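# Structural overview
Spelled out from the first residue to the last, the chains are:
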Amino acid sequence: MNTKQYGHWPSPITPELLTAQGIRISDPQAVGKRLYWLETRPQEKGRNALVCESEGTRMDIFAAPLSVRTRAQEYGGASYLATETDIFYVQDSDQRLYQYDINTKQSRPITPEGAFRYADFCLDHKRKKLLAVREDYTENPHHPRAEIVAIHLQSLAINTIAQGADFYSNPRVSPDGNTLSYLRWFHPQMPWDGTECVLTQLDAHGSIVQEQIIAGSKTESIFQPQWSPTGELFFVSDRSNWWNIYRWNGASAESIYPLTAEFATPQWVFGMSTYGFLNSGEIFCCYNQMGCWYLAIIDTLTKQFTKVDSEFRDITAIHCCDNKAYFLASSATQGSQLYCCNSNTISAISKSETAIAAEYIAHAQAIEFPTRDNETAQAFFYAPTNPQVTEDHTLPPPLLVMCHGGPTGATETGLNLKIQFWTSRGFAVLDVNYRGSTGYGRQYRDRLKRNWGITDVIDVCSGVDYLITQNKIDKNKVAIRGSSAGGYTVLAALTFSDTFKAGASLYGIGDLEALAKDTHRFEAHYLDSLVGIYPQEQPIYSERSPIRHIEKLNCPVIFLQGLQDKVVPPSQAEAMVNALQSKGIYTEYITFPEEAHGFRQAQTIQQALTAELAFYLNVFGEK
C-alpha cells in the first residue's frame with residue numbers, strides 16, 4: 001500500500017463500470033407462473049426492455065429498439081400491465097397504448113394516434129375494459145387535461161370515467177367489479193401535500209353513479225389505495241404525521257398498525273408500491289425509519305406486526321402474487337436487485353454483477369447535526385475508503401456534499417456506485433436529508449414549505465460545519481453537487497453562503513421565476529408551497545434566485561445539461577453560464593443533445609462523471 005493524493009486514489013469503480021452495471025430494474029409484476037419486470041439499459045441508449053421469466057427461462061418480450069415507457073407527467077411510471085393472456089404497454093416512440101397477445105406474440109395499438117399519454121392501468125374483467133390515466137394534449141400542448149378513461153377491448157371505444165381534477169392516479173376496480181377507487185388532487189397541491197381517495201359505485205356499463213371521498217384533503221396525503229382479495233379497500237395516510245396503513249370499514253378509516261414510521265414515499269411517478277397482499281389476511285410491506293427501509297408482514301385480522309429480517313437498506317416496488325412477494329432492494333454492499341420472499345425465505349431473482357471487493361465500499365454513517373437556525377437535520381456520511389491506499393491522517397480529505405432531488409424526496413443508503421466512485425478516489429461524501437426530506441414524518445417534510453432556498457441551504461452548510469468540528473474534512477476543499485431541485489440547492493448555497501469552494505449543477509435551477517413560468521404541468525404550482533404564490537409573491541422569487549444575485553457567486557461551477565429537458569429547460573443553465581462567464585468565473589458547460597431530465601445513456605453518464613472529477617481536481621489544485 002502507498003499514500004496517494006486525494007482524488008487520485010486508484011479505483012476499480014470506473015465510469016465504464018457504472019454504466020456496465022447500471023441496468024435499473026423497475027415495476028415487477030407476477031401473473032401465474034410468469035414474472036415480468038422492466039430493465040432500463042444505458043448500453044441500449046436507455047431503452048426500457050420488458051423482461052419475462054417463466055419456468056427458468058428468461059427473455060425479452062420485445063426486441064430492440066422498442067422501449068416500454070410512458071412520459072405521462074414527464075416522469076412516467078406504471079407503463080405496462082401484464083395479465084394471463086395479454087400485456088398492455090405504452091411504446092415510447094409514439095406514446096400509444098398497445099395490446100400484446102401472449103399466445104400469438106402479436107401486438108396491436110388500442111389507442112389512436114394523437115397528443116395523448118397513458119399510464120397506470122387496471123383491467124375491468126367484468127366489462128372487458130382497460131382503465132387508464134390519460135393526459136390529453138390536444139387543446140393545450142403544454143398543460144394537458146388529466147382524466148381516467150376506459151378502453152373497450154373489442155370496439156376500442158374510449159370513454160371518460162372521471163374528469164375535473166388536475167391529476168389522477170391509481171384507478172382500481174374492486175374484485176367484484178362493482179366499485180372503483182382512485183386518487184385525485186388539485187393545483188397547487190402535490191400528491192405528498194394533499195390527495196383525495198375517491199370511492200365510486202359503477203353501473204353495468206362501468207359509468208360512475210355515486211362517489212364518496214373517504215380519505216384525504218388539502219392537508220392529508222393518501223398513497224396507494226388497493227383492494228384486498230376479499231374486497232376491502234386499504235390505503236396509506238399521513239394523518240398522524242406518519243404515513244401509516246389504513247383500512248376503510250365502510251364508515252371510517254381504521255389504522256392497521258400505528259407506527260412511528262413511513263409506509264409510503266413521495267409519488268413522483270405512477271405505480272409506486274410499498275405493500276401488497278400475500279393472501280386474504282396478510283400484507284407484505286416495507287417501511288422507513290430514520291432513512292432506512294425495513295420489511296414486515298401484517299396480519300389484517302389480528303393486526304399482528306412481524307418484522308422480516310434482512311440486511312436491506314432500500315426497498316421499493318412491492319408486488320404480491322400467490323403468497324409470494326416480489327420487490328426491489330439494495331443493501332450496504334449490494335446494489336438494487338429483484339427479490340422474492342416466499343414463506344419468509346428471501347431469494348434473489350436478478351443477479352447483480354457488481355464485482356467490487358467489500359474493502360472498497362464506504363458505509364453510510366447516519367448523523368443528526370445542529371443547524372445554524374437552532375434545529376436539527378439528518379444526513380449520511382461516507383468516509384473515503386480504499387484498501388490500496390494508506391490515508392495521510394495529517395491531512396483531512398476533501399468533501400463532496402450531495403443534494404438529492406425533489407426537493408421532496410430523500411437520499412438512499414443502499415449501495416450506490418455513484419457515491420463509491422467518489423469515496424474510492426479519496427473524497428468524503430455527505431449525503432444530506434435536509435429538512436423537507438421524506439422518511440422523518442410530515443412535520444419534517446413540511447419544514448421546507450415557503451423555505452426552499454433557505455432551510456435546505458442552511459442544512460447543507462450546517463452539515464459541513466459539523467464535519468469541520470469533528471475534524472473529518474478539509475474545510476478548504478469542500479464542493480457541493482446536485483441534480484434538478486438538488487441543483488437549485490447547489491446554486492443557492494454557492495450564491496448565498498461562502499461554505500463551498502466549487503459546485504456541480506446537473507440540470508439544476510438558477511431562476512425560480514423562469515421555472516414558475518416554464519415547467520411542465522405536474523410541477524406547475526409546486527413552487528407555490530415551496531417559495532410563494534406566483535406571481536403575487538414575485539419578489540420572493542427574485543430574492544431567492546441565484547441568477548438575480550450573480551454578484552455573490554464567486555467560485556467555479558460545472559453545469560451538465562440535457563438539451564431535451566422539459567422539466568428544467570436548458571435556458572436555466574445557459575443563463576447561469578453566461579452570467580458567470582461575463583464575470584470571469586471559471587465555468588464549464590457540457591450539454592447532451594439526446595438527453596432529457598436525467599441521464600440515461602451510457603456515454604452520457606461516463607462523460608459527465610469524468611468531466612466532473614476533472615473539474616474538482618482542477619479547482620482543488622490536484623491535477
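Summary of the structure given here. (Residues numbered from 1 in each chain as written. Predicted model: local features only at pLDDT ≥ 70, side-chain atom pairs only at ≥ 80, totals over all residues. Heavy atoms only, no water.)

## Side note on the overall build of the protein
For clarity, the threshold we go by: Secondary structure is summarised from DSSP: a helix means a run of H or I of at least four residues, a strand means a run of E of at least two, and numbering begins at the N terminus for each. Only the C-alpha atoms count toward the radius of gyration. The rule for a globule is 2.2 Å times the residue count to the power 0.38. Here's how the labels work: a residue is buried when its accessible area is under 20% of the maximum for its type, exposed when over 50%, partly exposed in between, all with a 1.4 Å probe on protein chains only. Two residues qualify as a contact provided that any one of their heavy atoms is within 4.5 Å of a heavy atom in the partner residue. With residues, only the protein chains shown are counted as cover, and all accessible areas are computed by Shrake-Rupley using a 1.4 Å probe.
Summing up its helical and strand segments, the protein has ten helices and 36 strands in all. Relative to its length of 623 residues, the protein is compact, with a C-alpha radius of gyration of 24 Å against a globular reference of 25 Å. Dimensions of the protein, computed from the C-alpha atoms along their principal axes, are close to 75 × 55 × 45 Å. Going through the 623 residues of the protein one by one, you find that 61% of them count as buried. Taking all contacts inside the protein whose residues are at least 6 apart in sequence as the whole, residues at least 24 apart take part in 56%. For the protein, the exposed area adds up to about 24100 Å²; of that, 48% sits on carbon and sulfur atoms.

## Side note on the nonpolar core
Under the convention used in this document: Among buried residues, the Ala, Val, Leu, Ile, Met, Phe, Trp, Tyr and Cys ones that are joined through side-chain atoms within 4.5 Å form a nonpolar core.
By size, the foremost hydrophobic cluster in this structure holds 117 residues, and its most contacted members are Ile245, Leu399, Val401, Trp422, Trp452 and Phe500. Considering every element that reaches this core, the biggest residue donor is helix α10 (residues 602-619), with eight residues. Leaving out residues up to four positions away in the same chain, Trp422 has contacts with Leu400, Met402, Phe427, Val429, Arg481, Leu609, Glu612, Leu613 and Tyr616. Counting 19 residues, the second largest nonpolar core, distinct from the first, contains Cys122, Ile161, Val173 and Leu202.

## Things to note about unusual backbone geometry
In this model, Ala64 is joined to Pro65 through a cis peptide bond whose omega is 10 degrees. Along the chain, His187 connects to Pro188 via a cis peptide bond; the corresponding omega equals 5 degrees. With respect to the secondary-structure elements, Pro188 resides in the loop between β14 (179-185) and β15 (196-202). A positive phi angle, close to 70 degrees, is found at Glu74, a residue other than glycine. Considering the arrangement of structural elements, one finds Glu74 in the loop between β4 (57-60) and β5 (80-82). Non-glycine residue Asn241 carries a positive phi angle of around 90 degrees. On the accessibility criterion, Asn241 (17% relative accessible area) is buried.

## Looking at the sheet that holds strand β7 (residues 97-101)
Short version of the rule: Paired strands, as defined in this entry, are two strands with at least two bridges between them according to DSSP. Between N-to-C directions, angles cover 0 to 180 degrees, with each direction set by a line fitted to C-alpha atoms, over the stretch in contact for helices.
The strand order across the open sheet built from four strands is β5-β6-β7-β8, with neighbouring strands paired in antiparallel fashion. The open sheet terminates on both sides in strands that have one partner only, identified here as β5 and β8 (106-109). With strand direction ignored, the average angle separating the axes of adjacent strands in the sheet is 20 degrees. Bridge analysis of strand β6 (residues 86-90) against β7 gives five bridges, and the strand direction is antiparallel. Following the sheet pairing, Asp86 is matched in β7 by Asp101.

## Some words on helix α4 (residues 455-469)
Given 3.6 residues to a turn, an α-helix orients residues that are three or four positions apart in the same direction. The line we're drawing: Multiply 1.5 Å by the residue count of a helix minus one, and that product is the helix's expected span.
Taking 1.5 Å per residue as the helical rise, α4 with its 15 residues ought to reach 21 Å, and the 21 Å between its terminal C-alpha atoms agrees with that figure. The buried count for α4 comes to eleven of 15 residues, which makes it a mostly enclosed element. Along α4, the residues classified as buried are Thr455, Asp456, Val457, Ile458, Asp459, Val460, Cys461, Ser462, Gly463, Val464 and Leu467. The inward-facing, buried residues of α4 contact β29 (365-370), β30 (376-382), β31 (399-403), β32 (428-433), β33 (478-483) and α5 (485-496). Asn471 sits one or two positions beyond α4 and adopts a positive phi of about 55 degrees.

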